[in-house]
Amino acid sequence: MLIDERTGEGALFCLGLFRGDAGSRCFDACLHRDAPRMQPKAPCCFAVFIFKGVSLVPKTLVKKHTEGKPRAKKHGLTEAQIAVHWKEEAYIRPPARFIAQANLNDNYALERFSEKHFPECFREYAELLHWDQYWHTTLDTEHPPFWKWFVGGRLNVAYNCVDRHLAKYKNKAALIFVPEPEEENHIVITYQELYRRVNEVAAVLQGFAGLQKGDRVTIHMPMIPELPITMLACARLGIIHSVVFGGFSGEACGLRAADSGSRVLIYVDGYHRNGRWVDHKLSADIAVETAKKEGQVIDKVLVWKRYHHKYTSDAPMIMERDFFIDDILKDYRNAVVPPVSMESEDPLFLMYTSGTTGKPKGCQHRTGGYLAYVTGTAKYYQDIHPEDVYWCLADIGWITGHSYIVYGPLALAATSVIYEGVPQFPDAGRPWRIAERLDVNIFHTSPTAIRMLRKAGAEEPKKHNYRFKHMTTVGEPIEPEVWRWYHEVVGKGEAVIVDTWWQTETGGFLCTTKPALDPMKPGSAGPACLGIYPVIWDEEGKEVASSDHAAGNICIRNPWPGIMQTIWGDPHRFVNQYYKKYNKNAQSKDWRDWPYYAADAAVFPPDGYYRILGRVDDVINVAGHRLGTKELESACLTVPEVAEAAVVPIVDEVKGRIPEIYISLKPGVLPKKQIVEKVIAAIETMIGKIARPKRIHIVPDMPKTRSGKIMRRVLAAISNQMDTGDITTLANPDIVEQVRQLVQGREIMPLNEGPEDIKLFGDER
Ligand code: WTA
């Protein structure tokens, strides 16, 4: 940049640009080896700012940098572009008090889980469980990439999460339910009570609904204790549950129910959300209708009541289809249903998630491997002990809730808090009041919630007397500034933070720091989890080494017990989506030839702390929730006036990303406000309110390639006021300026640099 090679003089300059070989060596020495011994909050690396006439960097580094121009890199990103967003952060060490009590505090773990001990290293997790029958083969690779874990083993998930704790923890709280209205008391469910209730509901599912092992049930419920109780009742019988996030529409639920072949739906009449009463049962009728259109008959809708003494929905109960579970339960009082001994590879649940097509995919998770992996990772990375009060603010309707509210914590006999509402209701002090009241000491949430709470009440945590030993962030990249507020204000400088990178497909964590062993680095997920061997490849399959300082596709070279088994009913899509890209030999039975493609871009710096940049496919991560752009676009196209639709992400201060929509209209249709309203209504009906776009632009035409493909990358750049890049290859380059003016106004505003995931958005891959 603006540097005089001889003198080192220049204008303001950023650190990352200096990272040539000399820089790497310096980084290695400074970060990697020395980091754990550094003083808390000591800056880990050279602050490189050169102001006019004064050089603060060694001349050798300046010279090194100026020897070559920043090279063009994968995804069109240059080293310099990445560096701009990649200010190195100081390490922060875990406090001694935490280390002393941590579940994972021996340095031999890395060796135990090293590649030479793979796959047997994962016995360590499986041995945390009760097995009815021990397995004979830890990993079966006979049909790649359809791995089998702990083959020959038999176990029951509900037994592991409930029954086995009774001897020691019968009267300990398993779940604490906190209703959203603050005047309602919280409800404590002990392990004994949970045992009773899970058995009774299992008896209803078996005796009344006629369900048995292998059947699928779709559960569309919010954050109330009846949700995990119902899930555990399914697990007790080997019924495969598919929980649909409560905020999804009835139609979204119906499509998922049809795909999974569920003939029973489980609902609740309503619930509290953000100070309002949501009439949830209304969407059951839509779900049933939608499933029917898809060819799936729903013959029973089992309905919980949020308040046991009254029914609080306007939707009538349909005779012989809808039944109140509370009423049926009277016939099954104190029933005991023996847990079905499941094969390790029997499916436990489906979790639908968005992908590159309009159709959500049902990620199918296995029984033994999944439970072993979430139990092991909850123990080691979240440091859950039975004495802890653990509160994860995620929704059970997403994978985080499955793995780290229900299955992982309960398998460890923890006390898991379930909060019905939104964190900032009625004000931003609510989470801290709950934490103080229940003496929560492990806290788990998303960057979006942290940003929201910080914005609404930056000083609130200080007013409350709680003490967290450990905090998790998950779901999206967290800005270092937000991370520091989480650490200093929410954690009061005492809590360890783990930034956990993983996905619905992966069952549990893939990258995070080991809380007692690794120093934390704001904004970076951290090293790979034990037994996970990642690699970053470019589009051609060439490894992007840490010395390259470039982004690439993060992949996991090996199988692990938490990875999904397949996509429900679509094994081809499973192989194509996750394994085809980097498979070296389709005939091979060697796991080394079948790396898992995560569809996230990442950078791997020399200190070994992965930094996740975001999705590289057509998925937008809104407040940590995955939305498929194709799903949104299909919803737009159901509006008769709409000819074409393109969805792009726009940066949002709180939610990370929000969808923004471009539509063009059919010939002869004039742009009208009503069309925009119809599009919004279509999205809310087909997907749910979470998918509501920030803005909808009606444009005369879309920027297109000569082959007619909509250039979403160009639209994303316009929406985020970024450089549109090379548009000369478009079939209609003139449209770009027209659309720009429509979105940004006539005046040309300064361009933003923009984050990497938006620069990569819409890239053909
Ligand atoms: C993103 C949520 C940065 C990522 C568990 C991934 C993250 C997608 C992180 C999966 C993190 C998740 N830092 N990005 N710590 N955790 N992501 O399936 O893009 O809902 O692919 O699973 O969230 O979202 P999903």
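About the thresholds
- Residues numbered from 1 in each chain as written.
- Predicted model: local features only at pLDDT ≥ 70, side-chain atom pairs only at ≥ 80, totals over all residues.
- Heavy atoms only, no water.
- Helix = DSSP H or I, 4+ residues; strand = E, 2+ residues; numbered from the N terminus.
- Buried < 20%, exposed > 50% of the residue type's maximum accessible area, 1.4 Å probe, protein only.
- Contact = heavy atoms within 4.5 Å.
- Areas by Shrake-Rupley, 256 points an atom, 1.4 Å probe, with all protein chains shown as cover.
- Salt bridge = Lys/Arg side-chain N within 4 Å of Asp/Glu carboxyl O.
- Near = heavy atom within 4 Å.
- Polar contact = N/O pair within 3.5 Å; in protein donor to acceptor, adjacent residues only side chain to side chain.
- Nonpolar A, V, L, I, M, F, W, Y, C, P; charged D, E, K, R; others polar.
- Phe/Tyr/Trp six-rings, centres within 6.5 Å; stacked < 30°, edge-to-face > 60°.
- Lys NZ or Arg CZ within 6 Å of the ring centre and 35° of its normal.

A.B. asks: Before we go on, may I ask you to explain the overall build of the chain in this structure?
C.D. replies: Each helix and strand in the chain was counted, giving 24 helices and 30 strands. When each of the 765 residues of the chain is scored for burial, the buried share is 63%. A separation of at least 24 residues holds for 72% of the contacts in the chain among residues at least 6 apart in sequence. Carbon and sulfur atoms make up 52% of the accessible area of the chain, which totals about 29,000 Å².

A.B. asks: I'm lost on the pattern of salt bridges in this one. Help?
C.D. replies: Think of it this way: side chains of opposite charge can pair up when their charged atoms draw near. By the definition in use, this model includes 54 salt bridges. Salt-bridge contacts for Glu115 lead to Arg557; the nearest nitrogen and oxygen are separated by 2.8 Å. A residue pair is termed long-range when its members are at least 10 positions apart, and Glu115 in the loop between helix 5 (109-112) and helix 6 (123-126) and Arg557 in the loop between strand 22 (551-556) and strand 23 (566-567) qualify at 442 residues. The exposure class of Arg557 is partly exposed, given its relative accessible area of 26%. Salt bridges here are not isolated pairs; linked through shared partners, they connect Glu182, Asp427, Arg430 and Arg433.

A.B. asks: Looking at this model, I keep getting lost on the site of the ligand. Mind explaining?
C.D. replies: Around the ligand, the surrounding shell holds 17 residues, and the nearest of these are Asp499, Thr504, Asp600, Arg615 and Arg626. At a separation of 3.4 Å, a nitrogen atom of the ligand approaches a polar backbone atom of Glu476. At 2.8 Å, a side-chain N or O of Arg615 approaches an oxygen atom of the ligand. Protein contact buries 97% of the 530 Å² of open area that the ligand shows by itself. Residue assignment for the shell around the ligand shows that the elements contributing at least two residues are helix 15 (399-411), strand 20 (496-500) and strand 25 (611-615). Residue composition of the shell around the ligand, by class: six nonpolar, six polar and five charged.

A.B. asks: Help me out: how do you make sense of the side chain of Ser588 in this one?
C.D. replies: Within the secondary structure layout, Ser588 lies in the loop between helix 19 (571-578) and strand 24 (596-603). Contact partners of Ser588, with chain neighbours within four places excluded, come to Pro144, Asp593 and Trp594.

A.B. asks: Would you mind showing me how to read the side chain of Ser260 here?
C.D. replies: Inspection of the secondary structure assignment puts Ser260 in helix 11 (residues 250-260). In this structure Ser260 touches Arg216, Thr218, Leu350, Tyr352 and Trp568, once residues within four positions along its chain are discounted.

A.B. asks: What should I look at first to understand the packing of aromatic side chains in this one?
C.D. replies: A ring pair, where both rings are aromatic, is described by two values, the distance of the centres and the angle of the planes. For the coordinates displayed, the defined rule picks out 45 aromatic pairs. An angle of 90° between the planes, with centres 5.5 Å apart, marks the rings of Tyr91 and Tyr609 as edge-to-face. Placement of Tyr91 in the loop between helix 3 (79-84) and helix 4 (96-101) and of Tyr609 in the loop between strand 24 and strand 25 is noted, with a sequence separation of 518 residues between them. The same class applies to Tyr91 and to Tyr609, which are both buried. Aromatic pair Trp432 and Phe443: ring centres 5.5 Å apart, planes at 55°, arrangement tilted. A residue pair is termed long-range when its members are at least 10 positions apart, and Trp432 in helix 16 (residues 430-438) and Phe443 in strand 18 (residues 442-445) qualify at eleven residues. Phe443 carries the same exposure label as Trp432, and that label is buried. Lying across the ring of Tyr307, Arg306 places its NZ or CZ 4.6 Å from the centre. Over the ring of Tyr307 we find Lys310; its NZ or CZ atom is 5.0 Å from the centre of that ring.

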